[in-house]
Amino acid sequence: MWRSLIPIAVFAVLVWFFNRGLGMDPRIIPSPLIGKPAPEFSLPVLGDRSRQVAMADYRGQVVMVNVWGSWCSGCRAEHQTLLAIAATGEVPIIGLNWKDEDRDAEKWLHDLGNPYQVNLVDVEGRTAINFGVYGAPETFLIDKQGNIIHKFTGPIYWQAWTEELLPLVRQAKEAT
Amino acid sequence: MKRLLTLLILMTWLPTAGFAIDSELAFQDPALQARYERLNAGLRCLVCQNQTIADSNASLAVDLRSQVKEMIIAGRTDKEILDYMVERYGNFVRFKPPVNNETIFLWAAPAVMVLGGLLIAVSIVRRRSSLAVDDEEQAPQGDA
């Protein structure tokens, strides 16, 4: 009698695995950089290439680094949300303009609005590699010590901001 | 018919024949080129997921290949290059992930399945053969 239960048990295990697999997004790869210092960079500023901004300039501040490009459709999808987040004034958004043309990026900001405190140009994608970026948009939260505390992969939507990112931002701002 | 078969075999073989995806060789030195290709073939293109960076022309794959090339030129070892990628992208970037607590099931699964299959096969064969013996034993009884 118990033998006939074996296939049912095997089937149940398979169902459990497949169901778990269905619930996971294969595009979201956990970043090994969480909890580690954000990679150092010094990059030219979009619109004023003679100016350089470094990661170290933000020590003591909680910042949100958003990787985007004018070629990226997901970035267009999240742009309104970024504008709304910028309007709350909770956290400065630093844009990492990834593998883009300056002209296209400037036109994008002019046409759609600019949620960024500053935009840094990463044409060759070197800084993006150091951040472990594999597809835009990706967003990193960086605490006052310059550590990456969270990564959000894919377009940010309002609920992700209020429920996932904002609590972390507030917590990081309170920490010394 | 034979010619057609040869053609078909060639066609299935051709795409895997190891053409470098770069338009020109990355290195003049064949040994370095071989190293470069071997490293690329072990690194996942994370946007395409099921391709290596040696197979893909996604811009990330191009960037990662040039990173590998630069690191080879800089005299880094294979291990240093792999570690560099894993530090940034996690073990998922490796096509052959290392054996650890997270991946042990992945590595053990084939062996477990083969063993399980063997056990099932053996038990079926045993039951069948014992049935056959029973039949033989019963047969003379039936005659008597």
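Structure's up top.
This one's a predicted model, so the numbers in the text were calculated from it and none came from an experiment.

Novice: What's the story with the overall build of chain A in this structure? I'm lost.
Specialist: Secondary structure summary: chain A contains five helices and seven strands in total. Walking chain A from its N terminus toward its C terminus, one meets helices and strands in the order α-β-β-β-α-β-α-β-α-β-β-α. Here chain A has a C-alpha radius of gyration of 20 Å; the compact-globule value for 176 residues is 16 Å, and the former is much larger. The C-alpha extent of chain A, read off along each of the three principal axes, is 80 × 40 × 30 Å. Of all 176 residues assigned to chain A, the portion counted as buried reaches 46%. Summarising the internal contacts of chain A: among those between residues at least 6 apart in sequence, 71% fall at separations of at least 24. Carbon together with sulfur atoms contributes 59% to the accessible area of chain A, which is approximately 9300 Å² in total.

Novice: Looking at this structure, how should I read unusual backbone geometry?
Specialist: Residue and element names in this part refer to chain A. For the peptide bond that leads from Ala136 to Pro137, omega is -5°, which places it in the cis range. Although it is not a glycine, Lys99 adopts a positive phi angle of roughly 50°. Accessibility expressed as a relative area gives 23% for Lys99, which makes it partly exposed.

Novice: I keep staring at the nonpolar core and nothing clicks. Help me out?
Specialist: If you look at the biggest cluster of nonpolar residues, it comprises 46 residues, and the most contacted ones within it are Leu120 and Phe131 of chain A together with Val68 of chain B. Those residues within four positions of Phe131 of chain A in sequence are excluded, and the remaining contacts are Leu33, Ala38, Pro39, Phe41, Met55, Phe140, Ile142 and Ile148 of chain A. Of all hydrophobic cores here, the second largest spans 24 residues; its members include Trp68, Cys75, Ile93 and Tyr116 of chain A.

Novice: Whenever I open this one, the packing of helix α3 (residues 59-73) of chain B against helix α4 (residues 78-89) of chain B confuses me. Can you help?
Specialist: Working note: a packed helix pair is described by the angle between its axes plus the distance between those axes. All names here are of chain B. Two elements in contact, α3 and α4, have axes whose closest approach is 10 Å; the angle formed by their N-to-C orientations is 140°. The interaxial crossing formed by α3 with α4 has right-handed handedness. The segment α3 lies against α4, with Leu60, Leu64, Gln67, Val68, Met71 and Ile72 engaging Glu80, Ile81, Tyr84, Met85 and Tyr89.

Novice: Mind showing me how you'd approach the interface of chain A and chain B here?
Specialist: By convention, interface size is frequently given as the accessible area that disappears when the constituent parts associate. Each partner contributes residues to the interface: chain A has 20 residues there, and chain B has 18 residues. When chain A packs against chain B, close to 1500 Å² is buried across both sides, 53% of that on carbon and sulfur atoms. Per-residue buried area on chain A facing chain B is highest for Ile29, Ile129 and Tyr134 of chain A; these three make up 36% of the total on that side. Linking chain A with chain B are two salt bridges, by the criterion used here. For the salt bridge of Glu70 of chain B with Arg126 of chain A, the shortest nitrogen-to-oxygen distance reads 2.9 Å. Seen at the junction of chain A and chain B, the total is five residue pairs in polar contact (both at pLDDT 80 or more). It is helix α4 (residues 126-130) of chain A that provides the largest number of residues to the side of chain A that touches chain B, a total of four residues. Taken together, the residues of the side of chain A that touches chain B sort by class into eleven nonpolar, four polar and five charged.

Novice: Could you clarify how one ought to interpret the pairing of strand β6 (residues 138-142) of chain A in this entry?
Specialist: The side chains of a regular strand alternate between both faces of the sheet. Residue and element names in this part refer to chain A. The buried fraction of β6 amounts to five of the five residues, a majority that puts the element mostly inside the structure. Burial along β6 is two-sided: Glu138, Phe140 and Ile142 and Thr139 and Leu141, pointing in opposite directions, are all buried. Examined bridge by bridge, strand β3 (residues 63-68) and β6 share five bridges and lie antiparallel to one another. Each bridged residue has a counterpart across the sheet, and for Val67 the counterpart in β6 is Glu138.

Criteria and thresholds
Residues numbered from 1 in each chain as written. Chains lettered and ligands numbered in written order. Predicted model: local features only at pLDDT ≥ 70, side-chain atom pairs only at ≥ 80, totals over all residues. Heavy atoms only, no water. Helix = DSSP H or I, 4+ residues; strand = E, 2+ residues; numbered from the N terminus. Rg over C-alpha atoms; globule rule 2.2 N^0.38 Å. Buried < 20%, exposed > 50% of the residue type's maximum accessible area, 1.4 Å probe, protein only. Contact = heavy atoms within 4.5 Å. Areas by Shrake-Rupley, 256 points an atom, 1.4 Å probe, with all protein chains shown as cover. Core = buried A, V, L, I, M, F, W, Y, C linked by side-chain atoms within 4.5 Å. Axes fitted to C-alpha atoms, helices over the stretch in contact; angles between N-to-C directions. Left-handed = near helix turned anticlockwise from the far one by under 90°. Buried area = accessible area lost by both parts, 1.4 Å probe. Salt bridge = Lys/Arg side-chain N within 4 Å of Asp/Glu carboxyl O. Polar contact = N/O pair within 3.5 Å; in protein donor to acceptor, adjacent residues only side chain to side chain. Nonpolar A, V, L, I, M, F, W, Y, C, P; charged D, E, K, R; others polar. Pairing = 2+ DSSP bridges.

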